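Here's the letter readout for the chains.
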Protein chains: 2
Amino acid sequence: MSITVVGSIAFDAVKTPFGERERMLGGAATHFALAASFFDTVRVVGPVGDDFGDEELAVLATRGSDISDVERVPGGNTFFWKGEYGWDLNSRETLATELGVFEQFEPKLSEAARASEVVFLANIQPELQRRVLELCTAAQFIAIDSMNFWIETAREALVDVIGRVDCAILNDAELRELTGKPSLVAAAREVMSWGPSSVVAKQGEYGAALFTSEGFFALPGYPLEIVVDPTGAGDTFAGGFVGYIARNLGRSGDDAVLRQAMAYGTALASFQVEEFGTERTQRLTFDEVQSRVEGLRRMTQFDLAAVSLGAP
Amino acid sequence: MSITVVGSIAFDAVKTPFGERERMLGGAATHFALAASFFDTVRVVGPVGDDFGDEELAVLATRGSDISDVERVPGGNTFFWKGEYGWDLNSRETLATELGVFEQFEPKLSEAARASEVVFLANIQPELQRRVLELCTAAQFIAIDSMNFWIETAREALVDVIGRVDCAILNDAELRELTGKPSLVAAAREVMSWGPSSVVAKQGEYGAALFTSEGFFALPGYPLEIVVDPTGAGDTFAGGFVGYIARNLGRSGDDAVLRQAMAYGTALASFQVEEFGTERTQRLTFDEVQSRVEGLRRMTQFDLAAVSLGAP
């Protein structure tokens, strides 16, 4: 059993009100792998440049992830992103994006990566996501992410590839933009009509919502006194969510499993944002994750009260 | 047993992507009363002008609310607000605010209104909120709302009055602005250090979060295919929340009661936004409310999974 993730491996420069990092390991595939590796073997597919060192490779391989599909492009530079967050971390400005080796990226995938039962198509060009899908003929559960750039420049290809997956994991604003529907419920329903049996709306600090044919489920973000760096929270969530489903693959259509997966994704994302980049998730233990999942349960349960409507 | 609410009674002109109303009954005290009246007798305190008709008074009196403290000011005009919402209803622009009779408003309160065991200080000048408190000597549970205008122009008076109540019910952005703390957890903790034993952060479509000494609880907004007019949702939430606590006053410090109150507030607010102004809540039945409370419970429950960490 393994999970193949195809997406960016990057160097990030990030400034938040709590500090900054000039150059640290980042990228969607990286954050996904660090989370999903708690649950299954992750096969990381993506390009890096000559500037990518053994130290970074070692972090990618945390908890046994397989990095043999990480393609080092001679003479190339690793994808670089630079951004700065506003004071409450809910707004961010991209200051630089240098595609580097990503510009010419053509996913190849080893036999092992093609044979994974679970696939996560992180945010890359929709056409490339479709090609990955065509290679992964053994996949039993496929999830996808994307971003506003592809909605605006390659919507048709994106809708096509979403129609071929089991679960779309997007920000709520992206779901609205993708479908042109102001109501998140209507937007999720529209996306499900294209093919996916479930849709997850990521809502930043507010948590995440799950839409399935059985209905609706939502979890708040895990409450934190300090958020240091939100970069990668969505991909970490996806890693926990998809990882948990991989672990329970025979029941991947089961609403109870999807709800539990939401809790693991939420708990993992809450650790991710407590420090810069991969700093926190590198040394995270499963006991810590489990403890926050239990905390989330306590924070969301309530008894039903029988209110009598007699005279007060 | 009764609940006294002091706040605006208004005419609203509202335009949303789903339609518009040139002049309809609105105001914080109005929306609060229509929700809280499911649980207890509500005594509505606020001024109106000559332009306020018997038809509007009859709506205010829905489900037995006592309107004898509604003060009709001869020669005056009722408070008027005009606003327009953006396409996803998450942004709104105020086009006009005419204070009218509210400009000279000085809360008087009848003996009966002063004797209420529960008081809601809707969004008015903090100094007036404090005077109401001083009149309500029998109050056992007091909740307060406010807005960015008072945070920016009367912060000291606002902090003072918040220090005298049991529960502050504010938007999450207001909590951040009020305390200068970017973290909602830190902001709520700061407000609780001033006096209140609980803080509710209203989060619009994302729902609401409750902070108490016992911890954190959050509920998503009830998922709706169509939201017609969000005006008054926060006050309707407060009406359900405070009303439910009034109904269970002996246990108003009980976390279980506060959580249930969150559910009733959330359910009531979800009906409020389905039509313009008071149109939906006027004819709402308690069975409908109870049904959404049960729905919210189903949408937020998950089992704890025991994930083994053996080899996948």
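Position labels on residues start from 1 in each chain and follow its written sequence. To label them, take the chains in the order written and letter them from A, then take the ligands in the order written and number them from 1. Totals for whole chains, interfaces and linings use every residue, but because this is a predicted model, local features are given only for residues with pLDDT of at least 70 and side-chain atom pairs only at 80 or more, for both listing and counting.

A. Broad picture of the overall build of chain A. Numbering goes from the N terminus for both helices and strands, where a helix is a DSSP run of H or I of at least four residues and a strand is a run of E of at least two. Helix and strand counts for chain A stand at 12 helices and 13 strands. To get the radius of gyration, use the C-alpha atoms; to get the globule rule, take the number of residues to the power 0.38 and multiply by 2.2 Å. Relative to the 2.2 N^0.38 estimate, which gives 20 Å for 312 residues, the radius of gyration of chain A is 19 Å and therefore close to what a compact globule would have. Overall size of chain A, expressed as C-alpha extent along the three principal axes, is 80 × 40 × 35 Å. Put plainly, a residue is buried at 20 or more neighbouring C-beta atoms within 10 Å of its own, exposed at 12 or fewer, and partly exposed in between, counting only other residues' C-beta atoms, which are placed from the backbone. Every one of the 312 residues in chain A was classed for burial, and the buried ones make up 55%. The long-range fraction of contacts in chain A, counting pairs at least 24 apart against all pairs at least 6 apart in sequence, stands at 66%. Any pair of residues counts as being in contact when their C-beta atoms, constructed from backbone geometry, are within 7 Å of one another.

B. Spatial organisation of the interface of chain B and chain A. Contacts between the two partners involve 45 residues from chain B and, on the opposite side, 45 residues from chain A. When contributions to the side of chain B that touches chain A are tallied by element, the ones reaching two or more residues are α8 (184-194), β13 (215-219), α10 (255-272) and α12 (286-300) of chain B. Here the element with the most residues in the side of chain B that touches chain A is α12(B); it accounts for 6 residues. Under the scheme applied, nonpolar residues are Ala, Val, Leu, Ile, Met, Phe, Trp, Tyr, Cys and Pro; charged residues are Asp, Glu, Lys and Arg; polar residues are all the others, including Gly. Residues belonging to the side of chain B that touches chain A are distributed by class as follows: 29 nonpolar, 7 polar and 9 charged.

C. Local environment of the relation of the copies chain B and chain A. Fitting of the copies onto one another was done by least squares over C-alpha atoms, counting residues only where both copies have pLDDT of at least 70. With an RMSD of 0.0 Å, the operation that places chain B on chain A is a rotation of 180 degrees combined with a shift of 0.0 Å along the axis. Expressed as an axis order, the relation between the two copies is that of a two-fold axis. Take the interface residues of chain B: 100% of them recur as interface residues in chain A, which is what a same-surface contact looks like.

D. Expanded view of helix α7 (residues 172-179) of chain A. Judged by how many residues are buried, α7(A) sits mostly within the fold: 6 of 8 residues are covered. The positive-phi residue at the C-terminal boundary of α7(A) is G180(A), with phi of around 70 degrees.

E. The pairing of strand β2 (residues 10-16) of chain B, seen in detail. Residues and elements named next belong to chain B. Burial analysis of β2 places 5 of its 7 residues in the buried class, which makes it a mostly covered element. When DSSP locates at least two bridges between a pair of strands, those strands are taken to pair. Relative to strand β3 (residues 19-26), β2 is paired through 6 bridges, and the arrangement is antiparallel. Counted as the bridge partner of A10 is G26 from β3. Here β2 folds back onto β3 in antiparallel fashion, the turn holding 2 residues. Here β2 runs beside strand β6 (residues 79-85); their pairing, made up of 6 bridges, is parallel.

F. Just the environment of E190(A), in detail. Looking at the element boundaries, E190(A) is found in helix α8 (residues 184-193). Sequence-wise, E190(A) and T179(A) are 11 residues apart; in three dimensions their C-alpha atoms are separated by 6.9 Å.

G. Highlighting the sheet that holds strand β3 (residues 19-26) of chain A. Residues and elements named next belong to chain A. As summarised here, the arrangement of the 4 strands in space is β3-β2-β6-β7, forming an open sheet in which the pairing is mixed. With partners counted over all chains shown, the strands left at the sheet margins are β3 and β7 (92-98), one partner each. Along the sheet, successive strands turn relative to each other by an average axial angle of 15 degrees, direction set aside. Convention adopted: a line fitted to C-alpha atoms gives each axis, helices being fitted over their contacting stretch, and angles between N-to-C directions are expressed from 0 to 180 degrees.

H. Quick peek at the sheet that holds β3(B). All names here are of chain B. The 4 strands are arranged β3-β2-β6-β7 in an open sheet whose pairing can be described as mixed. The outermost strands of the open sheet, each flanked by one partner alone, are β3 and β7 (92-98). On average, each strand axis in the sheet is inclined to that of its neighbour by 15 degrees, with strand direction left out of account.

I. Summary view of the pairing of strand β12 (residues 208-212) of chain A. All names here are of chain A. In terms of residue burial, β12 counts as a mostly covered element, since 5 of its 5 residues are buried. By the alternation rule, side chains of β12 split into A208, L210 and T212 and A209 and F211, which are all buried. As judged from the 5 bridges shared by strand β11 (residues 198-202) and β12, these two strands associate in the antiparallel manner. Residue K202 lies in a different strand from β12, and its bridge partner there is A208.

J. Expanded view of the packing of helix α9 (residues 233-247) of chain A against helix α10 (residues 255-272) of chain A. Residues and elements named next belong to chain A. Running from amino to carboxyl end, α9 crosses α10 at an angle of 145 degrees, the nearest separation of the two axes being 7 Å. In the packing of α9 onto α10, the handedness of the crossing is right-handed. From α9, A233, T236, F237, A238, G239, G240, F241, Y244 and I245 reach across to α10, where they touch V257, Q260, A261, M262, Y264, G265, T266, A267, L268, A269 and Q272. Looking at the contact of α9 with α10, its residues break down into 13 nonpolar, 7 polar and no charged. For any pair of crossing helices, the crossing counts as left-handed if the nearer helix is rotated counterclockwise from the farther one by less than a right angle, and right-handed if it is rotated clockwise.

K. Region of interest: unusual backbone geometry. Backbone geometry at R63(A) places phi at a positive 55 degrees, although glycine is not the residue there. Here R63(A) lies in the loop between α2 (54-60) and β5 (70-72). If you check the backbone angles, L109(B) has positive phi at about 70 degrees while not being a glycine.

L. Expanded view of the environment of G7(B). All names here are of chain B. Tracing the chain through its elements places G7 in the loop between β1 (2-6) and β2. With 28 C-beta atoms counted inside 10 Å, the residue G7 sits in the buried group. For G7, the residues in contact, after removing those within four places along its chain, are G27, A28, A29, F32, G46, A122, N123 and I124.

M. Structural view of helix α6 (residues 155-162) of chain B. Residue and element names in this part refer to chain B. Listed in full, the buried residues belonging to α6 are L158, V161 and I162. Projected onto a plane normal to the axis of α6, the buried residues spread over an arc of 100 degrees and lie on a single side. Buried positions along α6 lie against α4 (126-135), β9 (141-144), α5 (148-153), β10 (167-171) and α8. Working note: the arc is built from the helix axis to C-beta atom directions.

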